Structure formats: C-alpha cells, structure tokens
Amino acid sequence: MANVIRVLRTTIAATAPGGRLPSVRRLMATEHVSPMTVQRAMRSLAAEGLIEVQPGRGAFVAAPGPSAVGAPDLDWQSVALGPRQVGDEALPELLAVPRPESVPLSSGYLEAALQPVAALGSALARAARRPAAWERGPVEGRADLRAWFAGAAGGAFRAGDMVVCPGGQSALSTAFRALCGPGDTVLVEAPTYLGAIAAARNAGLDVVAVPADGDGVRTELLATAFERTGARLFYCQPLYANPHGAVLSTARRAEVLALAHRFSAFVLEDDWARDLVVEGTPPPPLASQDEHGHVAYLRSLTKSAAPGLRVAAIGARGAAGARLRAARALNDFFVSGPLQEAAVEFLSSPAWQRHRKDLRQQLRTRRDALLLALQRHLPQLRPTAVPEGGLHVWVRLPEGVDDGALTTAAAARGVIVYPGKPWYAVDPPAAHLRLTFGAAAPEVLDEGVRRLATALADLRSR
C-alpha cells in the first residue's frame, strides 16, 4: 500500500484541485497490487483531505481547506510506529467488500440469499424489546447460550467451561493470549486460516507450520515440530479445514490427542464449519474424544448464519478455561445482551434446524456448480479435493502462474479471488487460489470462473 500512496501523493502534488487521479484499474496494473490495496490507499488519503472519491466517477484532487497551508507531513508516523507485522495486510484485504458489479469468489461468508435474515431479525426485534436484555449480563455470557455451545462440543464441556465471544476472530485472539505468552511457539497446519496466523503473530507468538494433506495434519511431522520447538499449543481445524477442506482422519485424530498428551500441550480446535456440511456425516468434535483437558474448543455462528451475528464461544476445562474467561473480561467485558438473547431464541427455534437442512442442499448445489464451471472454463486449475463441507475449493495453479498476479488480473476482469500464499505461515510449495462457492448463485459462479479464465489468458499473453 505504501507504494500506491507514494504514487498518488506525487500525482496530487502535480495536479490542480479537481483534477482526476489514476483509476483503480490503472493503479492495479502499474503497481501490481489488488483492488483492495488501492482502495485502502485512497481511503487513507481521503481521510487526510487530499483526495475526494466520487462513487461511479473516480478519485479527484481535493480543494485545499480554508486554513490549509499545504499537505500535512505524516511521514513521522512511519518512524514512530516501527516496522509493520509481516502479512498484516492480508486479513483486511480478504475482508474488503467487493464492488457490486464484481463476482465474489473470495468471501468467507454466506451470500445474503442463504442467510436466515427473517428469523434472525424477528428474534433480535423481540430481544430488543425486553428491558433485561439491555442490562449488564455475566462477563462469561448467558448461561443458556453457554450451555448450547457446550452441547455443540459433543458433551466435552459444561456450560461453566464456556465463555461467549463477539465472533470467532475475537475468540482466537483470546485463546492465543490466554494459552501462550509472547515469544512462545504455536504450531499450525500448512495451509491454514490466515486470520489465525495473523492473530497468533499479533499476540507475539512464533508461528511454525506443519504440512497437511488430504487427511489433515501430518502427525509424524507434528511430533517432530513439538519435539523441536517445545510448543505447548497446536491450532487446527479438524473439520473441513479452511482453505483446503480436508477432514482429519480417524487415525490421525487419535494421534493428535496422543501427541498433546505426550508433550503436555493444548490443541485449539476451531470447529468453524460444523454447520456447513455439504454431504456425508461429519465426525464429532475432536474435543469429544479428549479425556484429559488438552482440547480448547471454538465454535462460531457467524459463518453458518450471518456475518452480523457476531456470537461465538470458546471453552476449556480446568485452569485453561479459567484463563480464557479471565482474558475475555480484559478485552471487552461482555457481548451485547440483545445479540445473545436473539442467538438463544434462534438456536432453540425450528428455524435453526430448517436453516441447516436448507443450507446443506444449497451449498451442495453451489459447490457442484463451481466444480462444473472449473471443468468447463478452466480445466487446467486442479482442485486438490472435492470438499464435503465448508465454503471453499482449493485449486492449484499451473506451473509458472503467480497467484498474486492472477488475483490482480482477475480483479481487472471483475472477479474477486484470493491468492494462496497468505494461507501459509511459510513459503508455499506451489501457487494456489481459494475459490468460494457460498457467496454467489450458481449462474454467477459460472460467470466468475469464465472471467477468471479470461484473466488467466490475459496474464499468459503478456
């Protein structure tokens, strides 16, 4: 982003007020960056009052204010703030809202048409009318909501073991700070959820990647990593791992728990896709097989219901659970009462089960549509596996194709994809893309892959 800002500042200095600045597409092409990076740079300069962004028209040099004596010098901030954390732009770029005309193949959330908005809205409206919902509640969250999350973990926990959090990302941050200290090592799969990598690094942890395959983390390498690093925490997604969709095999589930016991370590189980089953019967949570309190369990409603339902929970037994609950209190005291009440009402109503049943059918249709579109328009992009759940298809790019360059070329063609590199805490063995099938209708997915094929052709013709 710094290069884009520098280019724009130079252009602003040479352009009269009201003059048009280079377009997003032009800056993407000249600076080899994503549209989200350009948009963030423009928002930064707009906040300084240097440019004016007019939707549908472009960006223009702003007229100086009545008391302006020149552009403010903010370069001192770079010295004061110090170096940026490696990869700290990846998560904001992933979360950037795409333009309405773009085809979203990168979102980690359900399309609005798949969200149970009517049921959630009704539940929230009723909750908001109850005066008690606006009072200060328990720091750890409502007892009935914690009981639901405890039951969702397969009977491994009691309600008192759980603490409610404002979304899964907040729960991750809490876990990394509560279960580790700055300078400690955390083991993660390679590839894995980039938000977990970012949260761990933000907590001052050293992130060490352990390769995974179609059966989940390679446990022989996990054993080596535990022994070599002395790590006391392993973060994993045993069910439909994001981004590659693997399910931890039965044999490896037992091996992961045995390794945790052997090395006196914790396993942070991120059960993010429990309600996003496409086909088959998923195995129970890893926590349900844990006898000695090694597994801390995280579950969120945001992915399976709606982005605005920022309700999740994390739990552990013993002293680890107490640390998690204490860490949550330090962050933000408690989660919104009306939101918790609405979540409880929705989860205990027939609407929740109807939503899960319908979602399974809809996601299968969309997954199959994305796979068919790849077969039709981009047979050279090979899915590493057909996911049985989750929201994503992980595809390997042909040799010599750079995932970042293809992402930029695709954005210029009006399709938003996300490169594979940020999902690795180390250098990736090959170039990949994560393609999402839950954020667009089947016919839109086909159009998106067609545009992606055109972008790949553009890239190869250069």
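Use the structure listed above.
Because the structure is predicted, anything quoted here is derived from the model rather than measured. (Residues numbered from 1 in each chain as written. Predicted model: local features only at pLDDT ≥ 70, side-chain atom pairs only at ≥ 80, totals over all residues. Heavy atoms only, no water.)

**Q** Give me the side chain of Thr 192: which residues, what numbers.
**A** Here Thr 192 shows up in the loop between β5 (185-190) and α9 (194-202). Setting aside residues up to four positions removed in sequence, Thr 192 forms contacts with Ile 197, Tyr 235, Asn 242, Pro 243 and Trp 423. (Helix = DSSP H or I, 4+ residues; strand = E, 2+ residues; numbered from the N terminus. Contact = heavy atoms within 4.5 Å.)

**Q** Kindly report on the nonpolar core, identifying the contributing residues and their values.
**A** Formed by 46 residues in total, the largest nonpolar core has its most connected members in Leu 187, Leu 222, Phe 226, Phe 234 and Val 311. In terms of residue count, the dominant contributor to this core is helix α13 (residues 337-347) (five residues). For Phe 226, the contacting residues outside a window of four places in its chain are Leu 187, Ala 231, Phe 234, Leu 259, Phe 263 and Ala 265. In terms of nonpolar packing, the next biggest core, distinct from the first, is built from 42 residues, Leu 105, Tyr 240, Leu 371 and Val 393 among them. (Core = buried A, V, L, I, M, F, W, Y, C linked by side-chain atoms within 4.5 Å. Buried < 20%, exposed > 50% of the residue type's maximum accessible area, 1.4 Å probe, protein only.)

**Q** How would you explain the side chain of Glu 341 if you had to name every residue and give the values?
**A** Positionally, Glu 341 belongs in helix α13. Reaching out from Glu 341, the side chain makes a polar contact with the side chain of Arg 130 at a distance of 2.7 Å. At 3.3 Å, the side chain of Glu 341 and the side chain of Arg 142 are in polar contact. With near-sequence residues (within four places) excluded, Glu 341 lies in contact with Ala 127, Arg 130, Ala 132, Ala 133 and Arg 142. (Polar contact = N/O pair within 3.5 Å; in protein donor to acceptor, adjacent residues only side chain to side chain.)

**Q** How would you sum up helix α11 (residues 250-262)? Please name residues and give values.
**A** Look at α11: 19 Å from first C-alpha to last across 13 residues, which is about the 18 Å you get at 1.5 Å a residue. Turning to α11, its buried residues are Arg 252, Arg 253, Val 256, Leu 257, Leu 259 and Ala 260. The buried residues of α11 occupy one face: seen down the axis, they fall within an arc of 160 degrees. Away from its buried face, by an angle of more than 90 degrees, α11 presents the exposed residues Thr 250 and Arg 262. (Expected span 1.5 Å × (residues − 1). Arc of directions from axis to C-beta.)

**Q** Which residues make up the sheet that holds strand β7 (residues 216-217), and what values go with them?
**A** Here eight strands make up an open sheet; going across it, the order is β4-β11-β10-β9-β8-β5-β6-β7 and the pairing mixed. The sheet is open, and its two borders are formed by β4 (162-165) and β7, each paired with just one other strand. In this structure, β5 lies alongside strand β6 (residues 206-213), joined through six bridges in parallel fashion. Within β6, the position partnered with Ala 190 by the bridge is Pro 211. Running over the sheet, helix α8 (residues 168-179) touches β4, β5, β8 (233-236), β9 (266-270), β10 (295-300) and β11 (312-315) and is turned about 160 degrees from β10. Those strands touched by helix α10 (residues 219-229) are β5, β6, β7 and β8, and its axis lies near 165 degrees from that of β6. (Pairing = 2+ DSSP bridges. Axes fitted to C-alpha atoms, helices over the stretch in contact; angles between N-to-C directions.)

**Q** With reference to specific residues and values, describe the pairing of β11.
**A** Side chains Ala 312 and Ile 314 of β11 all project onto a buried face; the interleaved residues Ala 313 and Gly 315 project onto the opposite face, where all are buried too. Of the strand pairs in this sheet, β4 and β11 are connected by four bridges, and their pairing is antiparallel. Residue pairing for β11: Met 162 is matched across the bridge by Gly 315.

**Q** Outline the sheet that holds strand β16 (residues 432-436), supporting the account with residue identities and numerical values.
**A** Here we have four strands laid out as an open sheet, ordered β12-β13-β16-β15, and antiparallel in their pairing. Since the sheet does not close on itself, it has two edges, and those belong to β12 (382-383) and β15 (418-419), each with one partner. Direction of pairing for strand β13 (residues 392-396) relative to β16: antiparallel, over a ladder of five bridges. Note on β16: the bridge partner recorded for His 392 is Thr 436. Against the sheet, helix α14 (residues 350-377) touches β12, β13 and β16, its axis set at about 20 degrees to β13.

**Q** Run through unusual backbone geometry, naming residues and quoting values.
**A** A cis amide bond links Ala 190 with the next residue in sequence, Pro 191, at an omega value of 5 degrees. The amide bond that connects Asn 242 to the next residue, Pro 243, takes the cis arrangement and shows omega of 20 degrees. With respect to the helices and strands, the residue Pro 243 is situated in the loop between β8 and α11. A positive phi is found at Tyr 240, a non-glycine position, where the angle reads about 50 degrees. Along the polypeptide, Tyr 240 turns up in the loop between β8 and α11. Given the relative accessible area of 2%, Tyr 240 is considered buried.

**Q** Can you break down the packing of aromatic side chains residue by residue, with the values?
**A** A full pass over the atoms with the stated rule returns eight aromatic pairs. The interplanar angle of 75 degrees and the centroid separation of 6.2 Å between the aromatic rings of Trp 148 and Trp 352 together place this pair among those described as edge-to-face. In this pair, Trp 148 is assigned in helix α7 (residues 143-152) and Trp 352 in helix α14, connecting sequence segments 204 residues apart. Between Phe 157 and Tyr 297, the aromatic rings sit 6.3 Å apart at their centres with planes inclined by 35 degrees, giving tilted as the arrangement. With Phe 157 in the loop between α7 and β4 and Tyr 297 in strand β10, this pair connects stretches of sequence that are 140 residues apart. Looking at Phe 157, the relative accessible area reads 9%, which means it is buried. Through pairs of rings, three or more aromatic residues link up here, namely Trp 148, Phe 149, Phe 346 and Trp 352. If you follow Lys 303 out to its NZ or CZ, it ends over the ring of Tyr 109, 4.2 Å from the centre. (Phe/Tyr/Trp six-rings, centres within 6.5 Å; stacked < 30°, edge-to-face > 60°. Lys NZ or Arg CZ within 6 Å of the ring centre and 35° of its normal.)

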